[in-house]
Amino acid sequence: MRKGFFCLLTIMGLLTLSAQQQDIELDADGIMRVNDPITIVCIGNSITDGYSNTSRDWAWPAQLNRLLGPDYLVLNYAVSGTCMGKKAPTSYWKTDSYTKAKAANPDILVIAHGTNDGDPWRWDQWGEEFHDDYIDMVTSFREKGRDPILYVALPTQLFSKPKEKQNHYIEDKVIPKIKEIAAELGVKTINFHTHPLDRPELFPDNVHPSDQGAALMAELARDIIAGQQQLSAQIKVKKGTVVSPTMVVVEPKSSVELIPEAPTSGSWLWTGPNGFTAKKRVLSLKKLTSGGVYTVRFQDNEGNRSILSFLVSIRGQKAGSIMPHICIAGSSWQQTTTLSVRPGQDVTFGPSCSAGNDAGTWSWRGPNGFFSASRQMTINTMTPAKAGRYGVTYTDAQGRQTTAVYTIKVEGEPACPLLVSHIRGESGWKQTNTMAVKAGASVTFGPQPLNGKWTWTGPNGFHSEERQNQLFDFNADMAGEYIGTYTNEAGCKGQVVITLTLE
């Protein structure tokens, strides 16, 4: 069905590694039982998009997903260069990502706009509308009865002399507005502006975070989000099996009690299949003939909100069958569950389900605690440590599930990537390793591939461990050779030489 299609070299899922090897566990129905994750959507600009990170998998939303674990799905719908202001030429309102972010119907929404709005030229024109545009953005995510838990982020600092005025605008105008909005809406802020992010070395170009800076941003977001999630759970069932505190597989016409617990008093709201709603703590489901995902939202008396999802499946009911498509980077799709690859190659999984891909969710588990929550998913730079069994489960709206298990072997000589140099000057990006730069101008160099580690040395004691580097106020002392050494997990190593001259 997909013969002739070529796989994309992008990470479509979010993954994590733990120290302990884990295998795929299938039940008597041949299904790897996994619950629907809580969906978090992050919107913002290039700082959230991952502009300066090794890859988008090292932007702070992706790192947040790894910290929160497989019970959460963090989706990054940020767009570089965008603003909250509706009238700005680069308004986030005008992007496809905004439409996709709303369509994702998040359980939790994180808004991280404000840096570009704080540009003096923009703020002086549209700053007075920032509050209303921000409120309208929140309202748009609450349409049709939706009510995601909201967090608003304070923008990071800007550190360079040319950005000093914009940083003052952010501190004196943008951040007070965001705090005012948070108080008005009764929501929590995530403070990306002060300690521990008040360190210029975490922002190599003085604007965008390094992988380490993004890691600290992820930790701050995790502490706020996870700290507010108060709920624990248990399930009681007749004629069935409790898989976990939030998952149950029951016989047809069985009864189930879903029992969330909170440390304080407050209000409860349940939603479920076919428009189901209820306002009570304990949910009793009797004589079940179909299952589904039942989500409970709790708000305590101080306005803090928590969310928890339960999966109810009926034994013997399956969500169709999975066609297990897979490909090695640059090759065509194969319909197989076994594949042998060389170290360093990228592998893309692209299963499809006979029940349809749009009406359900996908969850992955694999070696070393691997998890992902998207249908198409790429594992970059395969190594023997990543070899093993990868299971994917499709869950439909009625809680029916089906599973496919892939077995990946990694053997042979490493397949090392081609290193390609890119430099951005006044006329944009060029695939080249030399460029003449005017005095006082800025220049950026960022070779590919995106995956792996880079270490740079250069003129005047230059040293960097970022793939992409930006030089400001170029002068004669900066001219010369910048040598980048690349390594990856498969043992590949190579060098690129960027030569910059003073024009």
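Residues numbered from 1 in each chain as written. Predicted model: local features only at pLDDT ≥ 70, side-chain atom pairs only at ≥ 80, totals over all residues. Heavy atoms only, no water.

Draft legend 1. Examining the overall build of the chain more closely. When helices and strands are counted, the chain shows seven helices and 32 strands. A compact globule built from 503 residues would reach a C-alpha radius of gyration of about 23 Å, and the chain, at 25 Å, matches this within 12%. Considering only C-alpha atoms, the chain reaches an extent of 80 × 60 × 35 Å along its principal axes. Within the chain, the proportion of its 503 residues that are buried is 54%. Residue pairs at least 24 apart in sequence account for 68% of intrachain contacts in the chain once pairs closer than 6 positions are excluded. Working note: accessible area of the chain is about 22100 Å², and carbon and sulfur atoms make up 49% of it. Distance from the positive charge centre (49 side chains) to the negative charge centre (49 side chains) of the chain: 9 Å. (Helix = DSSP H or I, 4+ residues; strand = E, 2+ residues; numbered from the N terminus. Rg over C-alpha atoms; globule rule 2.2 N^0.38 Å. Buried < 20%, exposed > 50% of the residue type's maximum accessible area, 1.4 Å probe, protein only. Contact = heavy atoms within 4.5 Å. Areas by Shrake-Rupley, 256 points an atom, 1.4 Å probe, with all protein chains shown as cover. Lys, Arg positive; Asp, Glu negative; His and termini not counted. Charge placed at Lys NZ, Arg CZ, Asp CG, Glu CD.)

Draft legend 2. Main features of the state of the cysteines. Scanning the entire structure with this criterion turns up one disulfide. Here Cys416 pairs with Cys492 through a disulfide, and the sulfurs are 2.1 Å apart. Of note, the bridge from Cys416 to Cys492 carries an S-S torsion of about -90° and is left-handed in sense. With a gap of 76 residues between them, Cys416 in the loop between strand 23 (401–410) and strand 24 (423–425) and Cys492 in the loop between strand 31 (480–487) and strand 32 (493–502) connect regions that are remote in the sequence. Residue class for Cys492 comes out buried when judged on its relative accessible area of 3%. The closest cysteine sulfur to the non-disulfide-bonded Cys83 is located on Cys42, 19 Å from its own sulfur. In this structure Cys353 is a free cysteine whose sulfur lies 20 Å from that of Cys327, the closest cysteine sulfur available. (Disulfide = S-S within 2.5 Å.)

Draft legend 3. Layout of the sheet that holds strand 26 (residues 434–437). Spatially, the five strands line up as an open sheet ordered 26-32-31-28-29, and their pairing is mixed. Two strands close off the open sheet at either side, each with one partner strand: strand 26 and strand 29 (462–464). Averaged over all neighbouring strand pairs, the angle between strand axes comes to 20°, with direction disregarded. Bridge analysis of strand 31 against strand 32 gives eight bridges, and the strand direction is antiparallel. Bridging across to strand 32, Gly484 finds its partner in Val496. (Pairing = 2+ DSSP bridges. Axes fitted to C-alpha atoms, helices over the stretch in contact; angles between N-to-C directions.)

Draft legend 4. Looking closely at the sheet that holds strand 19 (residues 361–365). Spatially, the five strands line up as an open sheet ordered 16-23-22-19-20, and their pairing is mixed. Of all strands in the sheet, those with a lone pairing partner are strand 16 (338–341) and strand 20 (371–372), marking the two edges. Sheet topology places strand 19 next to strand 22 (residues 388–395); five bridges connect them, and they run antiparallel. Pairing of Ser363 across the sheet is with Thr393, part of strand 22.

Draft legend 5. Expanded view of the packing of aromatic side chains. Per the stated rule, a full pass over the model turns up 23 aromatic pairs. Aromatic side chains Trp121 and Trp126 sit 5.6 Å apart centroid to centroid with 90° between the ring planes, which places their arrangement in the edge-to-face category. Taken together through their ring pairs, the aromatic side chains of Phe445, Trp454, Trp456, Phe462, Tyr482 and Tyr486 make up a single cluster. Of note, Arg66 hangs over the ring of Trp58, and the distance from its end group to the ring centre comes to 4.3 Å. The positively charged end of Lys173 is found above the aromatic ring belonging to Tyr169, 5.2 Å away from the centroid. (Phe/Tyr/Trp six-rings, centres within 6.5 Å; stacked < 30°, edge-to-face > 60°. Lys NZ or Arg CZ within 6 Å of the ring centre and 35° of its normal.)

Draft legend 6. Geometry of the nonpolar core. Ranked by size, the top nonpolar core spans 30 residues in total, and within it Ile43, Ile111, Phe130, Tyr134 and Met137 carry the most contacts. Where this core is concerned, the elements lending two or more residues are strand 1 (38–44), helix 3 (96–103), strand 3 (108–112), helix 5 (130–141), strand 4 (149–154) and helix 6 (164–185). If one sorts the elements of this core by residue count, helix 6 sits on top with seven residues. Leaving out residues up to four positions away in the same chain, Phe130 has contacts with Met84, Gly114, Asp117, Trp123, Val174, Lys177, Ile178 and Ile181. In this structure, Ala112, Phe203, Met217 and Ala221 belong to the second largest nonpolar core, which totals 27 residues. (Core = buried A, V, L, I, M, F, W, Y, C linked by side-chain atoms within 4.5 Å.)

Draft legend 7. Quick look at helix 6. When the terminal C-alpha atoms of helix 6 are compared, their 30 Å separation across 22 residues agrees well with the 32 Å that a helix rising 1.5 Å per residue should span. Along helix 6, the sharpest change in direction is near 40° and occurs at Ile170. Buried within helix 6 we find Gln166, Asn167, Tyr169, Ile170, Val174, Ile175, Ile178, Ile181 and Ala182. Next to the buried residues of helix 6 lie helix 4 (120–126), helix 5, strand 4 and strand 5 (188–191). (Expected span 1.5 Å × (residues − 1). Bend = angle between axes of the 7 residues up to and from the residue.)

Draft legend 8. Layout of the pattern of salt bridges. Under the defined criterion, the tally for this structure stands at 18 salt bridges. As a salt-bridge pair, Asp136 and Lys86 come within 2.8 Å of each other at their nearest N and O atoms. Taken as a pair, Asp136 in helix 5 and Lys86 in the loop between strand 2 (72–76) and helix 3 lie far apart in primary sequence, 50 residues in all. Residue classification places Lys86 among the partly exposed positions, given a relative accessible area of 33%. Note that Glu201 is salt-bridged to Arg199, the shortest N-O span being 2.9 Å. (Salt bridge = Lys/Arg side-chain N within 4 Å of Asp/Glu carboxyl O.)

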